[in-house]
Amino acid sequence: RAEVDVDEDGTADLVVSKPVTFTSGGQPSSAWPYTLELSASPSSIYANMGDYSTIIATLKDATGGSVENFTIQFTSELGYLSNEPVPPTVGSTTASALTNKNGSVSLYYYGARKGSAVISASVFVRDLMTTLQAKTVIKVLEGPGKPGEDVAGVMLDIEPETQVLTANEDGY
């Protein structure tokens, strides 16, 4: 509503009322809440830098629809992340990937040492001006497995077939 007092006598000489309708920006599906889901398969691997767990993050909108072209940031503990299913040549505990048309990204975790590895994912959602976070845990086992290339270790070539090796309490 707008009023104008033309003769300045304190009484509105011209009054105009106009209904105003406000509409939200963006698609209805862009409303709260977004969800970020994170999973690891398998949930346990050997600490040999040869075995890996596939990490899948999925971003969905309020209707459960997929959200494309969002960058998801990842961090890991006790191992390394790779965007390819090949052991990383340079170990990195961080990675990022862009969600596809299904709202998902996949990357690979390689365990470097025994323990419970926490994998964290986060994504900034501009519509909400907030960052969503999710975590999953991978059990990294010590034991048999295939050693990866360039993984530190010991190679023994012993002749004759029987030898006695003595190690102190520090393993030397």
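These notes cover the structure that comes with them. Throughout this description, residue numbers start from 1 for each chain and increase along the sequence as written. In keeping with the predicted nature of the model, local features appear solely for residues at pLDDT of at least 70, side-chain atom pairs appear and are counted solely at 80 or more, and the whole-chain, interface and lining totals rest on all residues. Note that the side-chain values use all heavy atoms of the structure and ignore hydrogens as well as water.

1. Looking at the overall build of the chain
From N to C terminus, the chain includes zero helices and eleven strands. Put simply, the chain runs from its N terminus to its C terminus through helices and strands in the order β-β-β-β-β-β-β-β-β-β-β. Counting every position in the chain, which comprises 172 residues, the buried fraction comes to 28%. Whether two residues touch is decided by their heavy atoms; if any such pair falls within 4.5 Å, the residues are in contact. Within the chain, counting contacts between residues at least 6 apart in sequence, those at least 24 apart form 63% of the total. In short, Shrake-Rupley with a 1.4 Å probe defines the accessible areas, and a residue's cover is counted only from the protein chains shown. Accessible area for the chain stands at about 11900 Å²; split by element, carbon and sulfur atoms hold 50% of it. Starting at the N terminus, helices and strands are each numbered in turn, a helix being any DSSP run of H or I of at least four residues and a strand any DSSP run of E of at least two. Three labels apply to residues, based on accessible area from a 1.4 Å probe with only protein chains included: buried if under 20% of the type maximum, exposed if over 50%, partly exposed otherwise in between.

2. Let's talk about the sheet that holds strand β5 (residues 53–60)
Paired strands are those between which DSSP finds at least two bridges. With antiparallel pairing, four strands are arranged side by side in an open sheet as β3-β5-β9-β7. Two strands lie at the open edges of the sheet, namely β3 (35–41) and β7 (79–82), each paired on one side alone. Taking each pair of neighbouring strands and ignoring which way they run, the sheet shows an average axis angle of 25°. Here seven bridges tie β3 to β5, and the two strands are oriented antiparallel to one another. Its bridge partner lying in β5, A40 is registered against I55. All axes are obtained by fitting lines to C-alpha atoms, using only the stretch in contact for helices, and the reported angles, taken between N-to-C directions, cover 0 to 180 degrees.

3. Let's talk about a nonpolar patch on the surface
The patches reported here contain residues having more than 30% relative accessible area and no salt bridge. Joining distances are 9 Å for like charges and 5 Å for nonpolar side chains (Val, Leu, Ile, Met, Phe, Trp, Tyr). What makes a salt bridge here is a side-chain nitrogen of Lys or Arg within 4 Å of a carboxyl oxygen of Asp or Glu, nothing more. A contiguous nonpolar patch, built from V4, V6 and L14 and spanning about 270 Å² of accessible area, is present on the exposed surface. Accessibility expressed as a relative area gives 39% for V4, which makes it partly exposed.

4. A few points about the nonpolar core
What we call a nonpolar core is a set of buried Ala, Val, Leu, Ile, Met, Phe, Trp, Tyr and Cys residues that are connected through their side-chain atoms within 4.5 Å. Ranked by size, the top nonpolar core spans 27 residues in total, and within it L36, I55, I72, F74, Y109 and I138 carry the most contacts. Those elements that place two or more of their residues in this core are β3, β5, β6 (71–75), β8 (94–98), β9 (104–111), β10 (115–125) and β11 (130–141). At five residues, the largest contribution of residues to this core is made by β10. Not counting chain neighbours up to four residues away, the residues in contact with F74 comprise L38, I55, A57, L81, T93, T94, A95, S96, V105, L107, S120 and A121.

5. Details of the pairing of β9
Most of β9 sits out of view: seven of its eight residues are buried. Direction of pairing for β5 relative to β9: antiparallel, over a ladder of six bridges. When the sheet's bridge partners are listed, I56 is paired in β9 with S106. Alignment of β7 against β9, held across four bridges, turns out to be antiparallel. Bridge pairing in β9 links Y80 to Y110.

6. Here we look at the side chain of T99
In this fold, T99 is placed in the loop between β8 and β9. For T99, a relative accessible area of 2% puts it in the buried group. Apart from residues no more than four positions distant in its own chain, T99 is found in contact with L59, V67, E68, N69, F70, I72, S104 and V105.

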